[in-house]
Structures are given as structure tokens and as C-alpha cells.
Amino acid sequence: MSTETSVPHPRVSGVEGRPMDASDAALYATLLTEAPGGLAFFDRELRCRRANDALAELLGVPVRDLQERRPSEALPGALATAFETALRKVIAEDRSLNDSDLVVPAAQDAAPEEATGVAPEGDERILACTWLPAKDADGEPVGVVLTAQDVTERRRAEEVIRRKEQRYRSLVEASAQVVWVAAPAGGVIDDAPEWRAITGQAPDDYAEGGWLAVVHPEDRPRIEAAWRDCVQENRVFETNYRIRTKSGTFRHFDVRAVPIWQGDAVIEWVGANTDVTGQREAEEMRGRLTEQLSAAALRTARLQQATSMLAEALTVSQVVQVITEVGRSAIGADYSAVALLDDDKLRLSVVAPSQQGADGETGPVSRDEIKVSDQTVMSVAVRESRPFLAEHPDSLRLQLGHGEKDLFAQHTEERAWVGLPLLAAGAPIGALRFSFTRPREITEEERVFLEALAGQCALAVERALLLEREHRTAEELQRSLLPSDLPQLPGMVLAARYNPATRHVQVGGDWYDVFRLPDDRLAVAAGDVMGKGVLAAAGMGRVRNALRALALNDPRPAAVLAGLDRLFSATEDEEQFTTVAYAVIDPETGQGAFSNAGHPPPLLISPDTPARVSTVEPGTPLGWPSQRQQTSFSIETGNTVVFYSDGLVENRRRGVDAGLEELVAVAADAPPEVVGDPERLVDFLVDRMLAGYEQVDDVTVLALHVPPEPV
């Protein structure tokens, strides 16, 4: 269908009403019929007055359906909305709108006779559009000119490239690999700072010898020959070797390097090295256990028991408890202790679980310090990185020159001692100590078992230290993102609590926020970001900051959540699950508006009616397709509204529905003096809701109370 037959073209006047000359008319006709891109003119009433076949084909509708119609009358809903939004913006602002993309949905169920100029079914299109304000000869605005180009393939190609780059960056950042680049002949091209940070090489040293310069002398001839052969034959280089680090020790690395081709020629080599020292040490340890403990079925079972128990031990204290109990029961020791090196590597901080008394009670954990330079069982084990054995007091005095340090003087009945270094990646991080109340010879089989136990202890302690460090970092980050204090208002009292989980060392993404808006209204928010640790806390910070920014621009709850939806869809992972409840309240009147994105419903407490939770539809989490709804509410005099996270009502033994019912019952039991004091109320709710349950998730509670008028 041509433009000439589908869209009547009235005579077009030139400047000051004069008819177009032949060249102008030819240009006009050619643009409408032959231009590869879409062209259209819309008047100020948004009606399409001119359109060419190319635009009709791009939009998937016949030209006749566009003529003298508004986009909403001819195009699908979302596309029509985008069209009219752009047209109104250009008309209102009298300036062009450049490089805006429109998505044309795939044509569905098109009849064959209607398919002319329509995109194939299932083929969504992306149009790069430019909207230009059109004016008449007197400079008066008369409408908008649209030019459109099909950039579907280009956008798809750009998206493929972006995703590949993102995957590559994520892979490099998330892995423990060190990447380096070599020339086609195998020599150095670029500096490798990450590699030099491990080896201690200067830039000139690396430029001269590269990674081969720090390969262990025993491995280097084999590695050089293999590398040379792979470079000559342009095949993948894959092997393992030992590398001298900047501390002078050697670590095991796996390496894989591949040639990068351009046409028929290799332009460079890209290699990735992975530190597998811990894995190799573990493999060697497992090999020794297989050979030497084949006959020690009981100890092997106990070692497996320790492995299983250590898998659940998340803190250093839990690791110490497991190791000391398993070790004592396996070799019949009477006392045990674990000592960890301080950051300065000069002192050992001793952690010794108190022994169970005759009454069956266990005392508190005792802590003390000894110097690494002291003559003690654990000091020697750490200094020399080897087991220390003293089978009787004479052997102890012979090796140390005197008795054990007064730190363990309370165990005067000790007659034999074992000290084992805790080694992580070949370096000591502490020591393990067992003692006996009788002379005791440690067999080779027992020694192998204890070394294996110490190895597991070291790995578990190292993991626990990392988890505890991450926990502290995440908790500090999360607490820093929560309000340091709540607004002080004459007609409203606020109180809040944040309880991090007690069982797991990683905090979550639970949060709350209260801040004043420019018009003196109060913005109140509570949310939960799925996940644990620093990533969840950082995600919480992003959502909180984005909410504040959106609220300052347009504080309406539905508008704020809709803005978060757009931001969330554009920046966060699709798997990320985040909920937010947000309200705007006038503290003088108690009137407000509320919107919810999948968060637990607020608790409403009134002296005149039973406590209840809000029945407003909770909506979907952020980023999920949803039309955000907004409801009005008011906090009457004497009433309280409580916002909270799901950790208050949900745990492994109690579902959400049962938790909400229990929360209402607990609130109903609150004495009047507690209900009237938000500080006491939040403590009351947290204590009663968590009583008898293991807290496995963070808990945040925020209460807003309007005191009754003074009598």
C-alpha cells in the first residue's frame, strides 16, 4: 500500500501561502514514499495528519489506521501512552526530544489480508525516535514531526555485548583467579598488578621475566618446556606449579592460558591463575589420613563427626567447643584449650572452655594471653609450626626448662601435654592444647589423628573469623544506615528497635527510616532486602537512599513505590526480593497516606478497639509488575501504629499467618501503661514474640504513638 493512495495529500503551501515549487513537492513526495525511516506529522491535538509507509510498517498498523487519529485510537496501550507522552512533552516544552526508544510489541493473530506492512508475529521492535516541534511561517507552533528508525538489531547486539562484558567482569571479580596477558610469542605485554601483589615483583622485574620468573626451581624446566610447546602450537596451556610469594614461601597455583585469535593469527594469550594451596594441603592431609588411619575406625568416625559439627559451627567459640570436645573424647584428654594469634603475631589469646563441675554446671569461658616468645606448650607449637609432645613432667622440663606457664597452674595434676599448631595456608594462626592427669605416650596413629583434627580446626577457625568479620562489617554498615535518632514531635512519640539475628553470624537487610519532609509531614518506611551479609546491607542502603530521594521529589506513597519499581527493575538482579511499606503522615492531625510493596501489614493498636493488622492489600515486592495503590488512614488520639519486619512474626517453627495472629494476641495482652509508652511497647512485642523461638532473622520494629489529650 503506498502513501499516495492511503493518505490523501492536500495541496501544501510554501512560504506565505505560495504553492510549493516542483522541487519542494518532489522532495516532500520522495520523503513520504521512499525514506527508509518512519516520518509523521501530528497536530497539537495529537492527531496524525501525515505518515509514511515506513512508519506504518515499523508500527505494525496500516497507514489508513493512523490517518486523522490519535495514537490511543490506533496503537496498543503501552505504545500509545509512550507516543502521547512524548508528543505532549514536545508541545508543552516547545523543544525537541531526541534519541528516545519506543518498543513496538509483536503483532498477534494478524489475518493474512491485514499483514501487509506488519511486523512478523513474535518479532518485537525497538524504534529510535526524534520528536521535533513544528512551526508555521509565522513561527507559531502547529504540531510535532516524528522521525523513527528501526534499531532492534543494533539494540539486541548492544545488549548481547553488554551482558557478555558484565558476565566477564562478574566472573573476574567474583573468582579468586589472577588474570595475565602475554604476547603471541609468549612474552610479557601488560603489567599484572594483582599477580605482582602476590609475588612481590617490581614492574621492571615482571616486564623482564614475567610469571615464569617466580616459578619454583624444581617446576620451572617442566613449565617452560610446556609453555614453549603450547605457544609454538597455539594450543591451550593448562598445568600447575608452585610460585614463590613475596614472603618467600611457595604456594600452589593451577593455570590455564588460551590463545586469542584474530582471523588466522594469534594476537595474544590470556591466562588465569588460581591459588589452590589450601586444596592441595587438604588433599595431602586426606591422603595421609587414608594411609595411616585405615585401622582407626573409631577415630575416623569421630573425625567425621567433627567435620559435620564444624560445618554448623559459625563462630570461633562454637569451633573451639567442637574441637576440644571431640579431641578430649578421642584420646582421653582431661583438659583442652585453643589459642589464637593476635593481629600483631606476638601474643596468643587463649580460649579454654571451663570444665564441668560436680553439679553439672559449666562455668564461663576463661580468656588470657601468653607471649609467643614464652616457653609454653602452645608457644613452642606456634613458633616451630610443629606438634609439641611431653609424655611426662620430666620431658616437659627438659624441653621448656621449667614447668608450663602459670596460666594453667590451676591444673596442678597435669602430667602429659600435647600442643599442635593451627596452620592455614602454611602459616600459623593459633594452637591446640590437650593435657592429661597421668603420664601419657601419644602413638603415631593418635598423632596423625590430632594433626588432622588441628587441620580441621584451623580451617574452621579461619572461616569463623572471616564470617565474624563480615558480620561485624555488615552489622556496622546496617546500623550506620538506620536512623541514629528519631524525630522529636510535640504530638507524636516514636520508638524503634533493631535486633540482629543471634544464631547466624550474617545480618540481613531489614531496615526502617523516619524523616521530615519539606512540608513538615513525616515520612515513615520499613523494608526488607532478601539475603544476608554485606551485600544485603548494601542493598538495603541503596533502597533506603533511593526512597529518600524519591520522597523529597514527590512524597506520595504510590509515586515513591512506583519510582522504586523503576529503579529496582533497572539496577537490581531479577532474583532479588525486596519489600517496602511506606507512609506519609501529618503529625499535627494524624492524617496520612500509605502504600505497601509486599511488606508485612502494620499493626494497629487502639484503646477502644481490639488490636488488629491492616487489611490493605500488601501488593507485590519491588520490581514486580504492579500498579501501586495508595490508601488513606489516620492515627487517632491514643492510638499506635507499629511497622515491623518478618523476623518478628516468622521463623522455622511458625509461619507468617500464625505469627500475625500471635502478634495481634500479644498486642491485645499489652497493659495500658505499656501501650501508652512506645519504648516499652516495642520491647514488650519483641520479647513476647521471640520468647521460646530461635531468632534466625533480623528484627526491626518501629512504633508511632499519638498520646491522648491531657485532661
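In what follows, the structure referred to is the one given above.
Residues numbered from 1 in each chain as written. Predicted model: local features only at pLDDT ≥ 70, side-chain atom pairs only at ≥ 80, totals over all residues. Heavy atoms only, no water.

Student: Teacher, can you tell me more about the overall build of the protein chain here?
Tutor: Looking only at helices and strands, one finds 21 helices and 25 strands in the protein chain. Taken across its 711 residues, the protein chain has 44% of its residues classed as buried. Accessible area of the protein chain: about 36300 Å², with a carbon and sulfur share of 51%. (Helix = DSSP H or I, 4+ residues; strand = E, 2+ residues; numbered from the N terminus. Buried < 20%, exposed > 50% of the residue type's maximum accessible area, 1.4 Å probe, protein only. Areas by Shrake-Rupley, 256 points an atom, 1.4 Å probe, with all protein chains shown as cover.)

Student: Any chance you could explain the environment of Leu32 here in plain terms?
Tutor: Within the secondary structure, Leu32 sits in helix α2 (residues 22-34). Measuring from C-alpha to C-alpha, the distance between Leu32 and Ala54 comes to 8.3 Å, with 22 residues separating the pair along the chain.

Student: Teacher, can you tell me more about unusual backbone geometry here?
Tutor: Note on backbone geometry: most residues besides glycine have negative phi, and most peptide bonds are trans. For Lys345, which is not glycine, the phi dihedral falls at a positive 65 degrees. Looking at the secondary structure, you find Lys345 in the loop between β10 (335-341) and β11 (347-352). The phi dihedral of Asp520 falls on the positive side, at around 75 degrees, and the residue is not glycine. Residue Asp520 is classed as partly exposed on the basis of its relative accessible area of 48%.

Student: Hey, could you run me through the sheet that holds strand β17 (residues 509-516) in this one?
Tutor: For sheets, the rule is that strands pair by backbone hydrogen bonds, running either parallel or antiparallel. Taking strand neighbours across the sheet as the criterion, the five strands line up as β17-β18-β19-β20-β23 in an open arrangement whose pairing is antiparallel. Pairing within the sheet leaves two strands with one partner each, and these edge strands are β17 and β23 (631-634). The sheet shows a mean angle of 20 degrees between the axes of neighbouring strands, taken without regard to direction. Pairing between strand β18 (residues 522-529) and strand β19 (residues 578-585): eight bridges, direction antiparallel. Bridge pairing in β19 places Gly527 opposite Val580. Against the sheet, helix α18 (residues 557-571) touches β19 and β20 (591-597), its axis set at about 25 degrees to β20. (Pairing = 2+ DSSP bridges. Axes fitted to C-alpha atoms, helices over the stretch in contact; angles between N-to-C directions. Contact = heavy atoms within 4.5 Å.)

Student: Quick question: what am I supposed to make of helix α19 (residues 656-669) here?
Tutor: Each turn of an α-helix holds 3.6 residues, which means side chains three or four residues apart point in the same direction. The terminal C-alpha atoms of α19, which comprises 14 residues, lie 20 Å apart, in line with the 20 Å expected from a rise of 1.5 Å per residue. The set of residues buried in α19 consists of Gly659, Leu660, Leu663, Val666 and Ala667. Along α19, the residues classed as buried sweep out an arc of 125 degrees about the axis, all on the same side. Exposed residues lying more than 90 degrees from the buried face of α19 are Asp657, Glu661 and Ala668. Those residues of α19 hidden inside the fold are in contact with β21 (603-605), β24 (640-644) and α21 (678-690). (Expected span 1.5 Å × (residues − 1). Arc of directions from axis to C-beta.)

Student: Explain the pattern of salt bridges here, please?
Tutor: Two side chains carrying opposite charge are able to pair once their charged atoms lie near each other. Under the criterion given, the structure shown has 39 salt bridges. For Glu679, the salt bridge goes to Arg497, with nearest N and O atoms at 2.8 Å. With Glu679 in helix α21 and Arg497 in strand β16 (residues 493-499), the pair connects residues that are 182 residues apart, well separated along the chain. A residue is classified by how much of its surface remains accessible, and Arg497, at 22% relative accessible area, is partly exposed. (Salt bridge = Lys/Arg side-chain N within 4 Å of Asp/Glu carboxyl O.)

Student: Looking at this model, I keep getting lost on the sheet that holds strand β4 (residues 125-135). Mind explaining?
Tutor: The sheet built from five strands is open, its strands ordered β2-β1-β5-β4-β3 with antiparallel pairing. Taken across any chain shown, the strands that pair with only one partner, and hence form the sheet edges, are β2 (48-51) and β3 (97-104). Averaged over all neighbouring strand pairs, the angle between strand axes comes to 25 degrees, with direction disregarded. Here β4 pairs with strand β5 (residues 141-150) via nine bridges, running antiparallel. Considered in β5, the bridge of Thr130 is made with Thr147. Against the sheet, helix α6 (residues 77-93) makes contact with β1 (38-43), β3, β4 and β5, and its axis sits at roughly 165 degrees relative to β3, the strand it touches most.

Student: Hey, could you run me through the side chain of Arg125 in this one?
Tutor: Note that Arg125 resides in strand β4. Engagement of the side chain of Arg125 in a polar contact is seen with the backbone oxygen of Glu57, the distance being 2.9 Å. (Polar contact = N/O pair within 3.5 Å; in protein donor to acceptor, adjacent residues only side chain to side chain.)

Student: Explanation requested: empty space enclosed by the protein in the structure shown.
Tutor: The rolling of a water-molecule-sized probe over the atoms marks out the regions of remaining empty space. Going through the model one piece at a time under the given rule, you end up with two cavities of 30 Å³ or more. Roughly 60 Å³ of volume is contained in the largest cavity. Taken together, Ala40, Phe42, Cys48, Leu55, Leu59, Leu66, Arg69, Arg70, Pro71, Leu75 and Phe83 make up the full set of residues lining the largest cavity. For the lining of the largest cavity, the secondary-structure elements that each account for two or more residues are β1 and α3 (53-59). (1 Å grid on protein atoms, 1.4 Å probe; cavity = no way out; pocket = protein on both sides within 12 Å on 5 of 7 lines; lining within 4 Å. Points joined across faces, edges and corners; volume = space filled by probe spheres on them.)

Student: Honestly, the packing of aromatic side chains in this entry has me stumped. Any pointers?
Tutor: Aromatic rings considered in pairs are described by the distance between their centres and by the relative angle of their planes. The full count for this structure, using the stated rule, is twelve aromatic pairs. Taken together, a centroid distance of 5.6 Å and an interplanar angle of 10 degrees make the contact between Trp211 and Tyr241 stacked. On the criterion of sequence distance, the pair formed by Trp211 in the loop between α9 (203-209) and α10 (220-233) and Tyr241 in strand β7 (residues 237-244) is long-range, its members being 30 residues apart. Note on Trp211: relative accessible area 5%, which makes it buried. Judged by relative accessible area, which is 2%, Tyr241 ranks as buried. Ring geometry for Trp227 versus Trp269: centroids 5.3 Å apart, planes at 70 degrees, classification edge-to-face. Taken together, the residues Trp227 in helix α10 and Trp269 in strand β9 (residues 265-275) connect sequence positions 42 residues apart. Here Trp227 falls in the buried class, since its relative accessible area comes to 5%. Relative accessible area serves as the criterion here: at 0%, Trp269 is assigned to the buried category. Of the aromatic side chains, those joined through ring pairs into one cluster are Trp180, Trp211, Trp227, Phe237, Tyr241 and Trp269. Note that Arg654 overlies the ring of Tyr693, its terminal NZ or CZ placed 4.2 Å from the centroid. (Phe/Tyr/Trp six-rings, centres within 6.5 Å; stacked < 30°, edge-to-face > 60°. Lys NZ or Arg CZ within 6 Å of the ring centre and 35° of its normal.)

Student: I would appreciate a short explanation of the nonpolar core in the present structure.
Tutor: Soluble globular proteins tend to bury their nonpolar side chains together. One finds Met492, Leu547, Tyr582, Phe643, Leu702 and Leu704 to be the most contacted residues of the largest nonpolar core, which totals 42 residues. In this view, Met492 contacts Leu522, Ile585, Pro587, Ile635, Leu704, His705, Val706 and Pro707; residues no more than four positions away in its chain are not counted. (Core = buried A, V, L, I, M, F, W, Y, C linked by side-chain atoms within 4.5 Å.)

Student: What am I meant to see in the pairing of strand β25 (residues 699-705) here?
Tutor: Here β25 lies mainly inside the structure; seven of its seven residues are buried. Alternating residues of β25 divide into Val699, Val701, Ala703 and His705 and Thr700, Leu702 and Leu704, and every residue in both groups is buried. Summarising the sheet, β16 and β25 pair through seven bridges and their orientation is antiparallel. Across the sheet, Ala496 pairs through a bridge with Leu702, a residue of β25. Note: β24 against β25, five bridges, orientation antiparallel. Each bridged residue has a counterpart across the sheet, and for Val641 the counterpart in β25 is Leu704.

Student: I would appreciate a short explanation of helix α13 (residues 316-331) in the present structure.
Tutor: Between its first and last C-alpha atoms α13 spans 22 Å; for 16 residues at 1.5 Å apiece the expected length is 22 Å, and the two agree. Along α13, the positions that sit buried rather than exposed are Val316, Val319, Val320, Val322, Ile323, Thr324, Val326, Gly327, Arg328, Ala330 and Ile331.

Student: When you look at a nonpolar patch on the surface in this model, what are you seeing that I'm missing?
Tutor: A contiguous nonpolar surface patch, about 300 Å² in accessible area, is contributed by Met530, Phe577 and Trp624. Owing to a relative accessible area of 42%, Met530 belongs among the partly exposed residues under this scheme. (Patch = residues over 30% accessible without salt bridge, like charges linked within 9 Å, V, L, I, M, F, W, Y side chains within 5 Å.)

Nothing here speaks to function; it is geometry throughout.
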